[in-house]
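Coordinates in review
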Amino acid sequence: MKCFTPVFHRRRLLAALVLGMAAFAPPLPGETLFRTDLLWSGSWERDKSLVNRGDLRLHGLGLTLRGQVTDKRPVPPGGDFQPGITALGTGLYHDATGSRFLYGIIDESGLGPRLRNPSARSVPFLEYHKPSTADLKTEPSSTGEPALYLGLASPPLGPFRGFASVHFDEEYTPAFGGGFNLRFTKKINLGMEGFFKQDTLPPRYASSWFSKTPPLPERDFRIYGLNLSFTSPYFGIASDVAYSETFAFGRDLYGNVGITLGDRPWRLSLAADGAGPRYVGSDGSAHGSLFRAAGRFEWRGKRSSLFRMSTSLRAPGPGEHFTRSSSLLYYRFPTPPRAFPFGFSRISLEVTRNASEPENVIDALEGSLGLILGPVRSVFQGTLSGTTEAADPLLPYPGARDYDFASAKVSGELTYSFSLFQLKTKVGYTHNPKKDPLWDLSLYGSVRGKFGRFSAKFAWTDFPDTWTYTFSWNLKYGRNFPALPSPGRS
């Protein structure tokens, strides 16, 4: 045994040296065992607020540990420390699957937020049906409260990938979500996701003696949501359906659908959504009935050219007349050759109508034109708005009736980029028959490099009397500061 003991110790010593060298030796190209990323960003606006955000991320062993602090206060602290809004947040992420545990002010996206207040969101085309995820809010919030979020996602198991989440708000009320994705090929996916939340809503009191909203007692509230989606190269469809049940208020539904036909060179997208008057969103608030329908046609050409034509209509509720509309014509010109970098970059025309108040119908026309002059990019815009009498029946699109001019605005913007620097200036003029003419002017400059970005902006909202300045920065340490992976569908 004595002859084997030194050999045994030498082998242990050699193994320890090998492990030590592996731990402290320089990593192979493109590989690191541990890494630290640090970000400091913020802005300082004259006589308004100072905003700061610090974000530290430690990467290693396939995990990312994150700590963040955001702060906003009225003015930079001088002799007296000014009270402000400070929020701390932390998170632990699994890099391979996007699973995460978060504590802080949470910023959610996906099915739950889409069911919150549909009228405040864009028309639900297919591409807006993103899988649910959440992360720490990167901007100070005066209304947000610290919450807990746990999101788990499985690694790909053949074509299958599952995910689930639970979000506890400041009162520890949970909201559950989960689903799966089947990825048959790189471009053919089938997904399903569900959402459930149960809460006790606080009592609602009448704001005045003749208030239109009656008082309500403390009441139970439940909402169920379901998302189904299928995407392929030439056809895609996605739909959300939600059912809410609120004691002493009622039950109702919300639903939407987005359909896409074609891919390249042309694509047709259709979308519609509607909510009943008793529908209560996932935030526990009733936002009223709604119905919207929209269509969009796109044609992609050579050298990144794009033609787009779209329109959207909105009514107070299902089965009612449309009272609002927005229509757009847009064309992005082909990228000019390097030998002759001059020409048009884009042109657009948008027409809108808001007839939600028939006695005061507001129509607006907005156009823009972009030019490329070598290293200088320019954009010229014009807006014309006014009121008109409502036709009978009420038309959702602007018509040629007695038009009462309200205001007009024209503006021009020039951008010059060279090396690490960018300079930008914008001039605008607003004419209103009932007010004095208004000029606005802004000057902007930024420098960008490996260290990050620093910019300064001087703006006159009423030249030359009312002006302000804003300094902003985004400084980082580390090789990069990538976006963190997201759970849900791959």
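Residues numbered from 1 in each chain as written. Predicted model: local features only at pLDDT ≥ 70, side-chain atom pairs only at ≥ 80, totals over all residues. Heavy atoms only, no water.

1. A word on the overall build of the protein chain
Summing up its helical and strand segments, the protein chain has 2 helices and 26 strands in all. With 490 residues in all, the protein chain has 34% of them scored as buried. When contacts within the protein chain are restricted to residue pairs at least 6 apart in sequence, those whose partners lie at least 24 apart make up 48%. Total accessible area computed for the protein chain in this model is approximately 29,000 Å², and 63% of it derives from carbon and sulfur atoms. (Helix = DSSP H or I, 4+ residues; strand = E, 2+ residues; numbered from the N terminus. Buried < 20%, exposed > 50% of the residue type's maximum accessible area, 1.4 Å probe, protein only. Contact = heavy atoms within 4.5 Å. Areas by Shrake-Rupley, 256 points an atom, 1.4 Å probe, with all protein chains shown as cover.)

2. So, the pairing of strand S23 (residues 421-431)
Examined bridge by bridge, strand S22 (residues 403-418) and S23 share 11 bridges and lie antiparallel to one another. Paired with glutamate 413 across the two strands is lysine 426, which belongs to S23. Pairing between S23 and strand S24 (residues 438-449): 10 bridges, direction antiparallel. Paired with threonine 430 across the two strands is leucine 438, which belongs to S24. Joining the antiparallel neighbours S23 and S24 is a turn of 6 residues. (Pairing = 2+ DSSP bridges.)

3. Describing unusual backbone geometry
A cis amide bond links arginine 264 with the next residue in sequence, proline 265, at an omega value of 5°. Relative to the assigned elements, proline 265 resides in the loop between strand S14 (250-261) and strand S15 (266-275). Cis geometry marks the peptide bond from phenylalanine 463 to proline 464; its omega dihedral reads 0°. Relative to the helices and strands, proline 464 resides in the loop between strand S25 (452-462) and strand S26 (466-477). We note that aspartate 47 has phi near 60°; this positive angle belongs to a residue other than glycine.

4. Focus on the packing of aromatic side chains
Taken as a whole and assessed by the stated rule, the structure comprises 22 aromatic pairs. When the ring of tryptophan 44 is compared with that of phenylalanine 471, the centres are 6.1 Å apart and the planes differ by 45°; the resulting orientation is tilted. Of the two residues, tryptophan 44 sits in strand S1 (residues 34-45) while phenylalanine 471 sits in strand S26, which places them 427 residues apart along the sequence. By relative accessible area, which is 32% here, tryptophan 44 ends up partly exposed. (Phe/Tyr/Trp six-rings, centres within 6.5 Å; stacked < 30°, edge-to-face > 60°.)

5. Digging into the environment of leucine 50
The topology assignment puts leucine 50 in strand S2 (residues 49-60). Each C-alpha atom, one on leucine 50 and one on threonine 470, is 9.7 Å from the other, the two residues being 420 residues apart in sequence.

6. Examining the nonpolar core
Side chains that are nonpolar tend, in soluble globular proteins, to be buried together. With 15 residues, the main nonpolar core has Leu115, Phe195, Ile223, Tyr254 and Tyr279 as its most contacted residues. For this core, the secondary structure elements donating two or more residues are strand S11 (189-201) and strand S12 (219-231). Each residue touching tyrosine 279, except ones within four places of it in the same chain, is listed here: Leu115, Pro118, Ile223, Ala242, Ser244, Asp252, Leu253, Tyr254, Ala286 and His287. (Core = buried A, V, L, I, M, F, W, Y, C linked by side-chain atoms within 4.5 Å.)

7. Remarks on the side chain of serine 455
When you line up the elements, serine 455 lands in strand S25. On the basis of relative accessible area, serine 455 is assigned to the buried category, the value being 3%. Looking at serine 455, its side chain comes within polar contact range of the side chain of arginine 453, at 3.2 Å. Here the side chain of serine 455 touches serine 472 through a polar contact of 2.4 Å, side chain to side chain. Ignoring sequence-local partners within four residues, the contact set of serine 455 consists of Tyr444, Gly445, Ser446, Thr470, Phe471 and Ser472. (Polar contact = N/O pair within 3.5 Å; in protein donor to acceptor, adjacent residues only side chain to side chain.)

8. Details of the pairing of S2
Where S1 and S2 come together, 12 bridges link them in antiparallel fashion. Note that in S2 the partner of serine 43 across the bridge is valine 51. Count of turn residues in the S1/S2 antiparallel hairpin: 3 residues, of which aspartate 47 carries a positive phi of about 60°. Direction of pairing for S2 relative to strand S3 (residues 63-73): antiparallel, over a ladder of 11 bridges. Its bridge partner being in S3, arginine 53 is matched across the sheet by threonine 70.

9. Examining the environment of arginine 73
Structurally, arginine 73 is set in strand S3. On the basis of relative accessible area, arginine 73 is assigned to the buried category, the value being 8%. Placed 24 residues apart in sequence, arginine 73 and serine 49 show a C-alpha to C-alpha distance of 5.5 Å. A polar side-chain atom of arginine 73 sits 3.5 Å from a polar atom in the side chain of threonine 86.

10. Details of the pattern of salt bridges
Taken as a whole and assessed by the stated rule, the structure comprises 21 salt bridges. Here glutamate 245 makes a salt bridge to arginine 251, at a shortest N to O gap of 3.0 Å. Through salt bridges with shared partners, one network takes in Arg53, Asp55, Arg57, Arg66, Arg100 and Asp135. (Salt bridge = Lys/Arg side-chain N within 4 Å of Asp/Glu carboxyl O.)

11. Some thoughts on a nonpolar patch on the surface
On the surface, Phe235, Ile237, Leu261, Trp266, Trp299, Phe307, Met309, Leu329, Leu349, Leu365, Leu384 and Tyr403 cluster together into a nonpolar patch covering about 1,000 Å² of accessible area. When residues of the nonpolar patch are traced back to their parent elements, those giving at least two are strand S13 (235-246) and strand S17 (306-315). Along the chain, leucine 384 falls in strand S21 (residues 376-388). Judged by its relative accessible area of 35%, leucine 384 is partly exposed. (Patch = residues over 30% accessible without salt bridge, like charges linked within 9 Å, V, L, I, M, F, W, Y side chains within 5 Å.)

12. As for the environment of glutamate 245
Here glutamate 245 lies in strand S13. Looking at glutamate 245, the relative accessible area reads 18%, which means it is buried. Counting along the chain gives 23 residues from glutamate 245 to arginine 222, while the straight-line C-alpha distance between them is 5.3 Å. Excluding its chain neighbours within four sequence positions, the residues that come into contact with glutamate 245 are Asp220, Phe221, Arg222, Gly250 and Arg251. A polar contact of 3.0 Å, which involves the side chain of glutamate 245, links it to the side chain of arginine 251.

13. Thoughts on the confidence of the model for the protein chain
The predicted model of the protein chain averages 86 in pLDDT, with 87% of residues at 70 or higher. Mean pLDDT in the protein chain bottoms out at helix H1 (residues 5-24), which sits at 37, and peaks at strand S16 (residues 290-300), which reaches 97. Counting interchain partners and residues more than four positions distant, the pLDDT-below-50 stretch residues 1-29 has 2 contacts. (pLDDT = per-residue confidence, 0-100.)

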